[in-house]
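The chain contents come next:
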Amino acid sequence: MAVDNSQPRYEFRIWGNRLSSLRDRIAATATPSAPLESAAHDSAETYILSAASDTANVKIRAGLLDIKLMVEQQGRLERWRPALKAPFPIDSRTIVEEVFPDLKVAPPHIERPSYTHGEFIRDLVRPHHELTAVDVIKRRSKFEFDQCKAEFAEVEIAGGASSETLEFESEDPAAVLRAIAKFGLTAYPNISYVRHLKLMIGMIPRTTINAAH
């Protein structure tokens, strides 16, 4: 198991189909967060969505199981804490003691000492009646300004549904609020990846976290 020791960050995320003009405005005023990072980069990811919770962002990217947990809402912002970043194969103890409790569902019967990426999805996720695996393609651009990070992404899920998203995040909530005001986003609701992907696939959660307004 590899615990991610990154600091929790306050996040504000919006969704739409015509956000590229906002991306261009940010690009004109911000700096790339790393060399060439402002150029769009594609990534293939699998999100594990739970009908029992909206507070666990669980995804597989670049051979890693990556988990963030929402620990609080502060006004319009959500604070997310990195909880786990582990390479496959993942040992069964981590799956039973960390992954399924974060998803707030009971773990299934475990038959192996560890699971590869394919085995984890096939044997533990897809048969579970409260979990859904969603394959996602993202094209992302990242920027930094005023103690705040910004990310724009074009998101497409298996089956063809697509959307655009723009996110601001920082350890300092005031920096995120300044960014929201600077780019005129005060009328937008804050909607996490977890909740929006559920909307895109028509998944009805058993419990729902209300969007901040």
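Here the structure is a predicted model, which means the values were calculated and not measured.

Engineer: Before we move on, can you summarise the pattern of salt bridges with the specific residues and values?
Structural biologist: What the rule picks out here adds up to 17 salt bridges. One salt bridge connects arginine 79 with glutamate 72, and the closest N-O pair in it is separated by 3.4 Å.

Engineer: Can you lay out helix H2 (residues 92-103) for me, pointing to particular residues and giving the numbers?
Structural biologist: The end-to-end C-alpha distance of H2 is 15 Å, a good match for the 16 Å that 12 residues give at a rise of 1.5 Å each. Taken residue by residue, H2 has Ser92, Thr94, Ile95, Val99, Phe100, Asp102 and Leu103 as its buried positions. Burial along H2 is one-sided: seen end-on, the buried residues are contained in an arc of 145 degrees. Of the residues one or two after H2, lysine 104 is the one with positive phi, at around 60 degrees.

Engineer: Can you tell me about the confidence of the model for the protein, naming the residues and giving the values?
Structural biologist: Residues with a pLDDT of 70 or more make up 89% of the protein, whose mean pLDDT is 89. Considering each helix and strand of the protein separately, the mean pLDDT is smallest for strand E2 (residues 31-32), with a value of 68, and largest for strand E8 (residues 114-115), with 98. Confidence over residues 206-213 falls short of pLDDT 50; this stretch has 25 contacts with residues more than four positions distant or in other chains.

Engineer: Could you give an account of the pairing of strand E1 (residues 9-16), naming the residues involved and the relevant values?
Structural biologist: Within a regular strand, side chains alternate between the sheet's two faces. Within E1, 7 of the 8 residues are buried, which leaves the element mostly enclosed by the surrounding structure. In this sheet, strand E6 (residues 77-87) lies alongside E1 in antiparallel orientation, the contact comprising 3 bridges. Bridge pairing links arginine 9 to tryptophan 80 in E6.

Engineer: So what about the environment of glutamate 45? Which residues, and what values?
Structural biologist: With respect to the helices, strands and loops of the structure, glutamate 45 is situated in strand E3 (residues 41-50). Separated by 112 residues in the primary sequence, glutamate 45 and isoleucine 157 place their C-alpha atoms 9.6 Å from one another. With near-sequence residues (within four places) excluded, glutamate 45 lies in contact with Lys59, Ile60, Arg61, Val134, Asp135, Val136 and Lys138. Here the side chain of glutamate 45 touches lysine 138 through a polar contact of 2.8 Å, side chain to side chain.

Engineer: Tell me about unusual backbone geometry, and please be specific about residues and values.
Structural biologist: Between phenylalanine 88 and proline 89 the backbone carries a cis peptide bond, its omega angle lying at 0 degrees. Of note, proline 89 is situated in the loop between E6 and strand E7 (90-91). Here the phi dihedral of lysine 104 falls at roughly 60 degrees; this positive angle occurs in a residue that is not glycine. Checked against the element boundaries, lysine 104 lands in the loop between H2 and E8. Positive phi values are uncommon outside glycine, yet glutamine 147 reaches one of about 60 degrees.

Rules of the game
Residues numbered from 1 in each chain as written. Predicted model: local features only at pLDDT ≥ 70, side-chain atom pairs only at ≥ 80, totals over all residues. Heavy atoms only, no water. Salt bridge = Lys/Arg side-chain N within 4 Å of Asp/Glu carboxyl O. Helix = DSSP H or I, 4+ residues; strand = E, 2+ residues; numbered from the N terminus. Expected span 1.5 Å × (residues − 1). Buried < 20%, exposed > 50% of the residue type's maximum accessible area, 1.4 Å probe, protein only. Arc of directions from axis to C-beta. pLDDT = per-residue confidence, 0-100. Contact = heavy atoms within 4.5 Å. Pairing = 2+ DSSP bridges. Polar contact = N/O pair within 3.5 Å; in protein donor to acceptor, adjacent residues only side chain to side chain.

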